[in-house]
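Examination of the molecular architecture
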Amino acid sequence: MFVKDIMTTQLLTVSGETPVLEATQIMRNNRVRRLPVVKGEKLVGIITEGDLLRVSPSAATSLSVFEVNYLLSELLVEEVMTKKVITTSPEATLEEAALLMRENEVGALPVVEEEKLVGIITESNIFDAFIEMMGLKKTSARVTIEAEDRMGVLAEITEIIKAHQVNIISLAAFPRPGGRCEFVLRLDTKDYKSLLAEIEGSGYQVTHLTSRSEERRVGKECRSRW
């Protein structure tokens, strides 16, 4: 999956000459936390909630509301925006974008192609892509299998699943200490007892099992508690 597949292309932008007060209102009205700053179609900066908080007067200020609003209306975006923007390209992979965001501790990356702003990818886009890739919205059984980390072990497990005519919705592998590997599979079936019995009978260990309905129930319980 590539950045171009999941990025947001309907963009809200401002120019450097936009008053900070206006930019703040745009963010509030549209419930966004950042605005790319453009000159024509070229990206020249980005302004975030953090930038706005940095220039906003504290609660201890002696200024009146009218004075504060006047000062912010006189302050322009170009004076407070971040000018050295970390960007990505439409052809970058989802993993590359996620790593770039994590390493630089940013919540979004403007997407630039030939110096033209063409989109933005955010943490929410990454989460949505993860949910889609893992098939979390589909009726399925989530199975965790632990096995020896060696060549061909995954092929052996998937052959067993194929023999039971069960479709694999998603699969992820996680190395574990001691030369072991953990495979997390989502299987498109509700009748998994005989399948799992054969997997364990072949020497693999099924360490966890949940169904889609059980996950939804647990998720509701967590939301009610927190």
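Being a predicted model, the structure only gives us computed values, none of them experimental. (Residues numbered from 1 in each chain as written. Predicted model: local features only at pLDDT ≥ 70, side-chain atom pairs only at ≥ 80, totals over all residues. Heavy atoms only, no water.)

Each helix and strand counted, the protein chain has 10 helices and eight strands in total. Taking all 226 residues of the protein chain together, 35% fall into the buried category. (Helix = DSSP H or I, 4+ residues; strand = E, 2+ residues; numbered from the N terminus. Buried < 20%, exposed > 50% of the residue type's maximum accessible area, 1.4 Å probe, protein only.)

Looking now at the nonpolar core. Counting 19 residues, the largest nonpolar core has Ile145, Ile157, Ile161, Ile199 and Tyr204 as its most contacted members. Mapped by element, the contributors of at least two residues to this core are strand E5 (141-148), helix H8 (153-163), strand E7 (180-187) and helix H9 (193-201). Not counting residues within four places of it along the chain, the set of residues in contact with Tyr204 comprises Ile145, Glu146, Ala147, Arg150, Val153, Glu156, Ile157, Ile160 and Ile199. (Core = buried A, V, L, I, M, F, W, Y, C linked by side-chain atoms within 4.5 Å. Contact = heavy atoms within 4.5 Å.)

So, on to the pattern of salt bridges. Counting across every chain of the model gives seven salt bridges. The salt bridge partner of Glu123 is Arg33, with a shortest N-O separation of 3.5 Å. With Glu123 in helix H7 (residues 123-133) and Arg33 in the loop between helix H2 (20-30) and strand E1 (34-39), this residue pair connects regions lying 90 residues apart in the sequence. Here Arg33 falls in the partly exposed class, since its relative accessible area comes to 40%. The partner of Glu146 in a salt bridge is Arg180, with the nearest N and O atoms 3.2 Å apart. Of this pair, Glu146 sits in strand E5 while Arg180 sits in strand E7, and the two are 34 residues apart along the sequence. (Salt bridge = Lys/Arg side-chain N within 4 Å of Asp/Glu carboxyl O.)

With that out of the way, let us pick up the environment of Glu148. For Glu148, the position within the fold is in strand E5. Put simply, Glu148 and Arg180 are 32 residues apart on the chain and 4.6 Å apart in space, counted from C-alpha to C-alpha. Apart from residues no more than four positions distant in its own chain, Glu148 is found in contact with Val153, Gly179 and Arg180.

An order of E6-E7-E5-E8 is seen for the four strands of this open sheet, with the pairing classed as antiparallel. Only two strands of the sheet have a single partner each, and these edge strands are strand E6 (168-176) and strand E8 (205-211). Sheet twist, expressed as the average angle between the axes of neighbouring strands with direction ignored, equals 15 degrees. H9 rests against E5, E7 and E8 of the sheet, and its axis sits at about 165 degrees to E8. (Pairing = 2+ DSSP bridges. Axes fitted to C-alpha atoms, helices over the stretch in contact; angles between N-to-C directions.)

Another aspect to go through is the environment of Glu22. With respect to the element layout, Glu22 can be found in helix H2. A sequence separation of 55 residues divides Glu22 from Val77, and the C-alpha atoms of the two residues are 9.2 Å apart.

Turning our attention to helix H6 (residues 94-104). Listed as buried for H6 are Leu94, Ala97 and Met101. The arc that holds every buried residue of H6, seen down its axis, measures 70 degrees, which confines them to one face. Residues Glu95, Arg102 and Glu103 are exposed on H6 and point more than 90 degrees away from its buried face. In the core, the buried residues of H6 are packed alongside helix H1 (3-6), strand E3 (108-113), strand E4 (116-122) and H7. Of the residues trailing H6, Glu105 is marked for its positive phi of about 55 degrees. (Arc of directions from axis to C-beta.)

What follows is about the pairing of E7. E7 sits mainly inside the fold: seven of its eight residues count as buried. Pairing of E5 with E7, which is carried by eight bridges, proceeds in the antiparallel orientation. Residue pairing across strands places Thr144 opposite Val184, the latter belonging to E7. Across eight bridges, E6 lies against E7 in antiparallel orientation. Residue pairing across strands places Ile168 opposite Leu187, the latter belonging to E7. With antiparallel pairing between neighbouring strands as the criterion, E6 and E7 make up a hairpin whose turn holds three residues, including Gly178 at a positive phi of roughly 75 degrees.

Shape descriptors only; they carry no functional weight alone.
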